[in-house]
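Spelled out from the first residue to the last, the chains are:
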Amino acid sequence: MTSATSITSGPALLGEHRNSPGLMLALLGHEAMRRLRDAHTAHGLAPRQFHILGLLHDRGPLAQTDLAAETDTAASVLVTQLNPLEAEGLVTRTRDPRDRRRHLVVLTEAGQQRLQDAAAAQQEVEDDLFRSLTDTQRSRLTQLLVLVRDDLTDGNERCGTPTSLDRKTP
């Protein structure tokens, strides 16, 4: 019978890597995604639907094709996101008066209210996630994360779309 022995020559590997920035970012990102997804779904929205409502709020009515491009979503997938939003009265789809072949997606008052409620819940989650940081530290963390994001994506701000938030994690 052979027994396993360990040879240690320096700091423990797991202890050393437990505090590595990449691993911490991955683990904290997983937890942040879970909490943000829960905040959105508590208000009847998938994170991608929250994003769609937010785009409509910020940019006004958008052609369905433009909305698909902006969210980097296939047109058929976008329809599956829009159908329940329209059924709940959160958005409407109408013909574009300038081009009758296109449909415009418009945020309704009910959609505006749902978005505001979900945004407030998201802010509560973020405040809870960063409660141990001062405002200055939180601002600095944001600056550092933007720097890393921009370096990894060549400045493409859209890398952080909520598509990944829609995936269910155990």
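Data block above holds the structure.
Report on the accompanying structure. In this text, all values refer to a predicted model and were calculated from it rather than measured experimentally.

The next thing to look at is unusual backbone geometry. A positive phi is found at D72, a non-glycine position, where the angle reads about 55°. Mapped onto the secondary structure, D72 falls in the loop between α4 (64–70) and α5 (75–87).

As a further point, take the pattern of salt bridges. In the structure shown here, the tally under the stated rule is 15 salt bridges. A salt bridge links D99 to R101, with the nearest nitrogen and oxygen atoms 3.0 Å apart. Judged by relative accessible area, R101 falls into the exposed class, the value being 72%. Between R131 and D128 there is a salt bridge; the shortest N-O distance is 2.3 Å. A single salt-bridge network, built from bridges that share partners, covers E31, R34, R35, D38, D128 and R131.

Right, let's talk about α5 for a bit. When the terminal C-alpha atoms of α5 are compared, their 18 Å separation across 13 residues agrees well with the 18 Å that a helix rising 1.5 Å per residue should span. Taken together, the buried positions of α5 are occupied by L78, Q81, L82 and L85. Summarising the contacts, the buried residues of α5 are in contact with α3 (47–59), α4, β2 (91–96) and β3 (99–107). With its phi angle positive at about 80°, G89 sits one or two positions after the end of α5.

Conventions used here
- Residues numbered from 1 in each chain as written.
- Predicted model: local features only at pLDDT ≥ 70, side-chain atom pairs only at ≥ 80, totals over all residues.
- Heavy atoms only, no water.
- Helix = DSSP H or I, 4+ residues; strand = E, 2+ residues; numbered from the N terminus.
- Salt bridge = Lys/Arg side-chain N within 4 Å of Asp/Glu carboxyl O.
- Buried < 20%, exposed > 50% of the residue type's maximum accessible area, 1.4 Å probe, protein only.
- Expected span 1.5 Å × (residues − 1).
- Contact = heavy atoms within 4.5 Å.

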